[in-house]
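# Fold and contact review
Residues per chain are reported as follows:
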Amino acid sequence: MAGLLQALVGASEKAADIARLCRREQPLFQLLVAEKTGPDRNRRFLQDFKTLADVLIQEVIKHDLGKKFPELQGHIHGEESNEFRSPEGETVTVRVCATPGDTAALLLAVLAPEREAAELLSDAVHRNVALADAALASMELSIPPRDLAIWIDPIDSTNEYIHGREDVGPVDGVAPAGLCSALVLIGAYDRHTGCPVLGVINEPFFQRDPETRRWQGRYHWGVAYGDVRLSSLSPPGPSPVPRVVLSRSEAPAVRAALEPLCGGRLLFAAGAGYKLLCIILGLADIYVLSEGSTFAWDACAPHAILRALGGGIVALAGALQARRAGDTGTPPELVYNRAIDGADGTERWANSGGLVAYVDPQHLEAVLSAL
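Residue indices follow the written sequence of each chain, beginning from 1 at its first position. Thresholds applied to this predicted model are a pLDDT of at least 70 for local features of residues and 80 or more for the giving and counting of side-chain atom pairs; totals over whole chains, interfaces and linings are not thresholded and use all residues. Only heavy atoms go into the side-chain values, all of them from the structure, while hydrogens and water stay out.

### Some words on the pairing of strand β4 (residues 148–156)
Most of β4 sits out of view: nine of its nine residues are buried. One bridge is not enough; two strands pair if DSSP finds at least two bridges between them. Helix and strand definitions here come from DSSP, where helices need a minimum of 4 consecutive H or I residues and strands a minimum of 2 consecutive E residues; each element is numbered from the N-terminal end. Bridging between strand β1 (residues 76–78) and β4 involves three bridges; their strand directions are parallel. Looking at β4, one finds that histidine 77 is bridged to tryptophan 151. Pairing analysis gives seven bridges linking β4 to strand β5 (residues 183–190), with the strands arranged antiparallel. Between buried and exposed lies partly exposed: a residue is buried under 20% and exposed over 50% of the maximum accessible area for its type, with that area taken using a 1.4 Å probe on protein chains only.

### Some words on the sheet that holds strand β10 (residues 267–268)
The five strands lie next to each other as β10-β9-β11-β13-β12, forming an open sheet whose pairing is mixed. Each edge of the open sheet is held by one strand with a lone partner, namely β10 and β12 (312–315). Looking at chain direction, strand β9 (residues 244–246) and β10 are connected through two bridges and run parallel. Each bridged residue has a counterpart across the sheet, and for leucine 246 the counterpart in β10 is phenylalanine 268. Packing against the sheet, helix α9 (residues 272–281) makes contact with β9, β11 (286–289), β12 and β13 (355–358), and its axis sits at approximately 150° to β11. Any pair of residues with heavy atoms lying within 4.5 Å of one another is described as a contacting pair. To obtain each axis, a line is fitted to C-alpha atoms, and for helices this fit is confined to the stretch in contact; angles are then taken between N-to-C directions over 0 to 180 degrees.

### As for the pattern of salt bridges
Whenever Lys or Arg places a side-chain nitrogen within 4 Å of a carboxyl oxygen from Asp or Glu, that contact is recorded as a salt bridge. Using the criterion set out here, one finds 10 salt bridges in the structure. Put simply, lysine 62 and glutamate 59 hold a salt bridge, and the shortest N to O gap is 3.8 Å. Within this pair, lysine 62 and its partner glutamate 59 are both found in helix α3 (residues 39–68), separated by three residues, close to a single helical turn. Classification of glutamate 59 as buried rests on a relative accessible area of 10%.

If you want it as structure tokens, here you go:
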């Protein structure tokens, strides 16, 4: 399993490289922000290229992990379909080919006539990423990859990634929006129980190098398997007054119920992955979402890290139902191997009924009582 964790981190680093490349290289950046002449052209690239960046990263991660661990093939899942329409109306299946030239030719079928953009992406796809992480390399863990499956969110908070705002200042340490909330999320779960066991969160746009002005990233990982609890991070320190982070669209009734709990000061941020990262980093104590607007790929990786730190993510509706029935036991946590019966498309993997993410169980109990 240590080898798999290193592979997840390596895949996240390559994904972060591609995400940064799309903003750094002018031929790619122009497509990303749709700076093309003609209204039809603009709309096509605004939609197609941002989705292509997502899909390409997803397929790179699938390819690299599946090549190293064949027993994972068919069990690596993502949000995006990898089929595109070419400018001529033909269906193109985006994948990693045997050579950079073949991959560039395939991407050109989607991006024509943008040959330079296709070649830049292909080079990044086939580039080797070397990890220099002694702590990660020295880990010894034991779990067969054949027992695991993977959820990928190639670029969480895609809208923030596209808009690319760098001037959003933090509020009490939490960024309300901006490029920093665009993350790569890769989580592994037990195929049989659905329990998250490995998680990697990569921040491609953590900070700029003061000399080169290029973006630098960082990553975080966690392991929660059996009695093993390991993480690149230490558990956040205790906070007497819970700091609650929400989406701006959160229901007014939920806001009103939680405000007294946190001294009338709520925090707001974009992106489910980023809000979960805020809990992991100790920038906030609780993330509450009352709607089923997140999915398995949003939560799996952060959930594994939270479990490694002693916390978790509970299903909000189920937890509240249990409390109202007088059950004061441990609330049900999210699992990642069960699709919703009767739902279609991506909704099959929605975290229906909302969620609560936490590190300190006392904060969780306080929130459930307030709600």
